[in-house]
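Summary of structural features
The chain contents come next:
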Amino acid sequence: MSKSALVCGAGGFIGSHLVKRLKKEGYWVRGVDLKYPEFSKTAADEFLILDLREQPNCEKTVRPLNGRPFDEVYQLAADMGGMGFIQTAECEIMRNSALINIHMTNAAAAAEVKRYLFSSSACVYRDMKPEEPELSEEEAYPAFPDNEYGWEKLYAERMAMAYGRRFGMVVRIARFQNTYGPEGTWQGGREKAPAAFCRKVAEAEDGGEIEAWGDGQAMRAYTYIDDLLDGIRLLMQSDLEDGVNIGRREYVSVDELARTVAEVAGKRIRIKHIPGPVGVSARNFRVDRISSLGWTSKISLKEGISRTYPWIKAQVEAKKK
Ligand code: NAD
């Protein structure tokens, strides 16, 4: 009998890609979300449209299949977006994502789910200076996340681990670095920097100008979706407890990200810096724990943007028609 997996947030960017990966690996997959994936048909065997802020919906979602509890649950549902969204929707993030995690963790433990992976974030770490050494997982404490999204993630991590201790459910905590790729949100206010720059460059003329929030010097690392999925799958099967960072160690400034997009697009672009939400000045963290499982990032920023830009350009062109 094939293994079963439940993907919460299967209508979203990472969730819809994860469903495809699990299907390729031979799993029976149930997806759940408020909506179907926006850009391609779901690969899930069954897809439920449910609001996971409600406890009865979480119970329905993890209901065992023919009396067999789910082998694996991936909890990726969250009220989520880029820095603009994180700074303007802090109450919605705190309330909606906390409710989802409180009810899902409880429902999964009650349904005797075997393995439960929670998607946390690099936002659990404090602000850093660009020249500081990378932070290890333990350095999330003493806690001082820069935004409420990070505080909610820390709470949800602790909630999942407490349930793991009490109920014997194997809990895995993945802290994702900023992740991008085709079929991610690219417009509407929830998009993250790589998608936003791909859209702006696709819309700009050769020799034109794009806007970037802040002074362009904030340092970040970006992980291509396929690398992240490799990490998620390895972590789920592993015996690594507590938080585990997953992210590529290729640090670039916001301006370098924009220039990489322009280079891939083959356009000469000027960057105009305007006031806007930037977030922390730097984000670098160690990946020794996930690397100990044999994980390595295979896709450089330039390669990942080369795979993402054409997809966003096609969306921009389709919208104009
Ligand atoms: P996404 O917004 O594309 O996907 C999240 C999905 O959750 C959406 O489809 C949304 O409809 C769904 N959702 C929201 N509220 C819901 C509810 N009440 N009931 C059911 N479904 C609901 O985001 P993503 O980029 O795919 O992120 C997935 C997970 O990874 C999130 O937990 C996010 O915080 C985490 N994460 C993502 C990144 C990144 O760079 N993409 C970085 C760090 C952490």
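Structure shown above.
Described in the following lines is the structure provided in the data block. Note that the coordinates shown come from a computational prediction; the quantities given were computed from them, not determined experimentally. (Residues numbered from 1 in each chain as written. Predicted model: local features only at pLDDT ≥ 70, side-chain atom pairs only at ≥ 80, totals over all residues. Heavy atoms only, no water.)

1. Examining the site of the ligand
Keep this limit in mind: Residue proximity to a molecule or strand is established when one non-hydrogen atom of the residue lies within 4 Å of it. Here a polar contact means two N or O atoms within 3.5 Å. Within protein one must be a hydrogen donor candidate and the other an acceptor candidate, and residues neighboring in sequence count only if both atoms are side-chain atoms. For the purposes of this entry, the term helix denotes a DSSP run of H or I that reaches at least four residues, the term strand denotes a run of E that reaches at least two, and both are numbered from the N terminus. For this classification, the nonpolar set comprises Ala, Val, Leu, Ile, Met, Phe, Trp, Tyr, Cys and Pro, the charged set comprises Asp, Glu, Lys and Arg, and every other residue, Gly included, is treated as polar.
Near the ligand there are 27 residues, and of these I14, D33, Y149, K153 and T179 occur at the shortest range. Measuring from a nitrogen atom of the ligand, one finds a backbone N or O atom of L34 at 3.5 Å. Between K153 and the ligand, the recorded distance is 2.8 Å, taken from a side-chain N or O atom to an oxygen atom. Elements represented by at least two residues in the shell around the ligand include exactly helix 1 (13–24), strand 5 (115–121) and helix 5 (148–167). Residue classes in the shell around the ligand are distributed as twelve nonpolar, nine polar and six charged.

2. Quick notes on the packing of aromatic side chains
Using the following cut-off: Two aromatic rings from Phe, Tyr or Trp, using only the six-membered ring of Trp, form a pair when their centres are within 6.5 Å; if the ring planes differ by under 30 degrees the pair is stacked, by over 60 it is edge-to-face, and anything between is tilted. Only protein chains enter the accessibility calculation, which uses a 1.4 Å probe. A residue is then buried if its area is under 20% of the maximum for its type, exposed if over 50%, and partly exposed in between.
All told, the structure shown has five aromatic pairs when counted by the stated rule. Note on Y36 and F47: the rings are 5.0 Å apart at their centroids and 35° apart in plane angle, and the pair reads as tilted. On the criterion of sequence distance, the pair formed by Y36 in the loop between strand 2 (28–33) and strand 3 (46–49) and F47 in strand 3 is long-range, its members being eleven residues apart. With 5.6 Å between their ring centres and 70° between their planes, Y180 and Y224 make a pair best called edge-to-face. With Y180 in strand 7 (residues 179–180) and Y224 in strand 10 (residues 223–224), this residue pair connects regions lying 44 residues apart in the sequence. Relative accessible area serves as the criterion here: at 4%, Y180 is assigned to the buried category.

3. Some points on helix 7 (residues 225–237)
Note the threshold: Helix span, expected: 1.5 Å multiplied by one less than the number of residues in the helix.
An ideal rise of 1.5 Å per residue puts 18 Å on 13 residues; helix 7 measures up with 19 Å between its terminal C-alpha atoms. Within helix 7, ten of the 13 residues are buried, leaving the element largely enclosed by the surrounding structure.

4. A look at the nonpolar core
Looking at soluble globular proteins, one finds that nonpolar side chains tend to be buried together. The criterion, for reference: Here, nonpolar core refers to any group of buried Ala, Val, Leu, Ile, Met, Phe, Trp, Tyr and Cys residues whose side-chain atoms link them within 4.5 Å. Any two residues having at least one pair of non-hydrogen atoms within 4.5 Å are treated as being in contact.
Grouped together as the largest cluster of nonpolar side chains are 66 residues, with contacts concentrated most on V7, I14, Y74 and I232. Residues contacting V7, with those up to four places away along its chain left out, are G15, L18, V19, L22, V29, R30, G31, V32, Y74 and L76.

5. Quick look at the packing of helix 1 against helix 7
As a reminder of what qualifies: As a rule, the C-alpha atoms of each element are fitted with a line to give its axis, helices using only the stretch in contact, and angles between N-to-C directions run from 0 to 180 degrees. Crossings are assigned a handedness: left-handed for a near helix turned anticlockwise from the far helix by less than a right angle, right-handed for a clockwise turn.
Two numbers describe how helix 1 lies on helix 7: the axes approach to 10 Å, and their chain directions differ by 65°. The way helix 1 lies across helix 7 gives a crossing that is right-handed. Facing F13, I14, H17, L18, R21 and L22 of helix 1, the residues of helix 7 in contact are I225, D226, L228, L229, D230, I232 and R233. Among the residues making up the contact of helix 1 with helix 7, the classes are represented as eight nonpolar, one polar and four charged.

6. Here we look at the packing of helix 6 (residues 193–203) against helix 8 (residues 254–265)
Let me state the cut-off plainly: These descriptions rest on fixed angle ranges, namely under 35 degrees for roughly parallel, over 145 for roughly antiparallel, 65 to 115 for roughly perpendicular, and the rest for oblique.
It is the contact of helix 6 with helix 8, at a shortest axis distance of 9 Å, that shows an interaxial angle of 45°. If you check the angle between helix 6 and helix 8, you find them oblique. Remark: the crossing between helix 6 and helix 8 carries right-handed chirality. Two secondary-structure elements touch here, helix 6 through A193, P194, F197, C198 and V201 and helix 8 through V254, L257, A258, V261, A262 and A265. Looking at the contact of helix 6 with helix 8 residue by residue, the classes come out as eleven nonpolar, no polar and no charged.

7. Topic: the environment of Y74
Locating Y74 in the fold gives a position in strand 4 (residues 72–75). The class of Y74 is buried, set by a relative accessible area of 0%. Distance in space between the C-alpha atoms of Y74 and L6 is 6.2 Å, their sequence separation being 68 residues. The contact partners of Y74, leaving out residues within four places of it in the chain, are A5, L6, V7, C8, L18, L22, L117, I232, R233, M236 and Q237. At a separation of 2.7 Å, a polar atom in the side chain of Y74 contacts the side chain of R233.

8. Digging into the pattern of salt bridges
Formally: Just to be clear on terms, a salt bridge is a Lys or Arg side-chain nitrogen sitting within 4 Å of an Asp or Glu carboxyl oxygen.
All chains considered together, the criterion is met by 25 salt bridges. For the salt bridge of E134 with R249, the shortest nitrogen-to-oxygen distance reads 2.7 Å. Linking E134 in the loop between strand 5 and helix 5 with R249 in the loop between strand 11 (243–246) and strand 12 (251–253), this pair joins segments that are 115 residues apart in sequence. Judged by relative accessible area, which is 18%, E134 ranks as buried. The exposure class assigned to R249 is exposed, which follows from its relative accessible area of 52%. Put simply, R175 and E157 hold a salt bridge, and the shortest N to O gap is 2.8 Å. Here the residue R175 occupies a position in strand 6 (residues 170–176), and E157 occupies one in helix 5, the gap between them amounting to 18 residues. Through salt bridges with shared partners, one network takes in K3, E25, E72 and R233.

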